[in-house]
Amino acid sequence: MNVTRDMGAAMRRIHVGNALSAFGLGFTVPYLYVYVAQVRGLGAMTAGLVLAVFAVAALIVLPFAGRAIVRRGPLPVLLAALVTAALGALSLGLAGSAVTVLASAAALGAGQAVMQPALATMIVDCSPSETRSRAFATQFFLQNLGLGVGGLIGGHLVDTTRVSSFTLLFAIEAAMFLLLVVVMVTVRMPHVPRVEDAPRSARGSWKQLLGNRAMVQLSVLGFVLFFACYGQFESGLSAYGVEAAGISTSALGTALAANTLMIVVAQFAVLRFVERRRRSRVIAAVGLIWAVAWVAAGYAGLGHGSQEMATAAFVSTYALFGLGEAMLSPTVAPLVADLAPTGLAGQYNSAFALVKQLALAIGPAVGGPMGASLHAPYVVTFLLFSLGITALALRLGSHLTVAQDRPWVLRNRVVARGGTAATSVSSEA
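Residues numbered from 1 in each chain as written. Predicted model: local features only at pLDDT ≥ 70, side-chain atom pairs only at ≥ 80, totals over all residues. Heavy atoms only, no water.

Chemist: Quick question: what am I supposed to make of the pattern of salt bridges here?
Modeler: Side-chain pairing between opposite charges can occur once the charged atoms of the two side chains come close. One pass over the full model with this rule turns up three salt bridges. Note that Asp 405 is salt-bridged to Arg 278, the shortest N-O span being 2.9 Å. Of this pair, Asp 405 sits in helix α17 (residues 402-405) while Arg 278 sits in the loop between α11 (249-274) and α12 (279-302); the two residues are 127 residues apart in sequence, bridging distant segments of the chain. When its relative accessible area of 26% is taken as the criterion, Arg 278 is described as partly exposed. Arg 279 serves as the salt-bridge partner of Asp 338, at 2.7 Å between the closest nitrogen and oxygen. Residue Asp 338 is found in helix α14 (residues 332-339), and its partner Arg 279 is found in helix α12; the two are separated by 59 residues along the sequence. (Salt bridge = Lys/Arg side-chain N within 4 Å of Asp/Glu carboxyl O. Helix = DSSP H or I, 4+ residues; strand = E, 2+ residues; numbered from the N terminus. Buried < 20%, exposed > 50% of the residue type's maximum accessible area, 1.4 Å probe, protein only.)

Chemist: Can you walk me through the packing of aromatic side chains in this structure?
Modeler: We describe a pair of aromatic rings using the distance from one ring centre to the other and the angle between the two ring planes. According to the stated counting rule, one finds 16 aromatic pairs in the structure shown. An aromatic cluster is defined as three or more aromatic residues linked by ring pairs; in this entry it consists of Phe 223, Phe 227, Tyr 240, Trp 290, Trp 294, Phe 321, Tyr 378, Phe 382 and Phe 385. (Phe/Tyr/Trp six-rings, centres within 6.5 Å; stacked < 30°, edge-to-face > 60°.)

Chemist: When you look at the nonpolar core in this model, what are you seeing that I'm missing?
Modeler: Proteins that are soluble and globular tend to have nonpolar side chains buried together. Met 184, Leu 218, Leu 237, Trp 290 and Phe 314 are the most contacted members of the largest nonpolar core, which totals 117 residues. Top element by residues in this core is helix α5 (residues 98-125). It accounts for eleven residues. Leu 218 has contacts with Leu 335, Val 336, Leu 339, Phe 352 and Leu 396, leaving out every residue within four places of it along the chain. Ranked by size, the runner-up nonpolar core spans five residues in total, among them Ala 58, Leu 62, Ala 113 and Ala 353. (Core = buried A, V, L, I, M, F, W, Y, C linked by side-chain atoms within 4.5 Å. Contact = heavy atoms within 4.5 Å.)

Chemist: Hey, could you run me through helix α2 (residues 32-39) in this one?
Modeler: Because each turn of an α-helix spans 3.6 residues, side chains separated by three or four positions end up pointing in the same direction. Here α2 has its buried residues at Leu 32, Tyr 35, Val 36, Ala 37 and Val 39. Positive phi shows up at Gly 41, right after α2, with a value of about 65°.

Below, the structure is given as structure tokens:
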């Protein structure tokens, strides 16, 4: 009972941490380009390099982060990442040259990247399998809520004519990371096996991971998921909306808000639905929902309806993406955890985060130019990618065990056996 109470207290602090980190990121991420290119006067090229540095820094540190989490535990790694991100955010707000801006962005990007698998591993360590889907759904809900609220408040604080307003934003972001350090220091993590406790065969963790056929298939599926959805949000799809559908900037903001609102409103209603469904089938359904979203996007830009109809269709695209995201949050992350051998959850979470970063780096580079100029091929390409998600998910399902694909079945069997045993003991008494 004490263990359960400690795990619950730790989980509450972890959720607070997720909300604080997302709130801090929401302050600055939407305004990075404007800050570097216009407010600091460093030009579009430097601003583009800053966004690239975020991705490169993540790709460099994530392979090492996985090993560190496995050997040292997620909490020390998270604290180091938070301090690094805080220093990066604060220095970015004070940087005035291209060199200092890029160096600060590298520190901030590296810290942000390592937070994700560290927090995910803490959730795995503090949640039994029967509550893990709900824990990850809550994490995703709080992340989106924090990003939305942070972006909304940040938008009212910034003034492109005053550098000090942006310095304030980055200082608030740094303060959020440092506040999170204070919160996380109080977390009492349960003891879980680390790599030193695991069998000797688990020490070659990357080799073992690549030998896990189901995990490799899930990583390929994850790349397609992030490439076809998240990698298009702020690049290809927005460019397509403006160029092909004539969407105004205010309507684009409405579409992004619709995405967040769908997640916030639907997350726990969707959770009730997916908890009793095969994980592979849920992911396959997401592919079909996103295919419908791309059809709506096609109508918005290639149809011959009114501007109001085009705008409504475009906003619907983002809302449908949000519905799919709400279905994935309690499905994919727990599946990664269940595929990981004892003591290697950090390695598997970091590997999946690395796949996500690759997709987010390549997605805008491919989708941006296509969305801006090759309108019909762009929609058709990503419609096919969405259908590919369905096919890959169904194929993955054939390589998952019952415990991995349908965890509630085993839980029901345990409850049934427990009930039988209890009845038997009672009769003998």
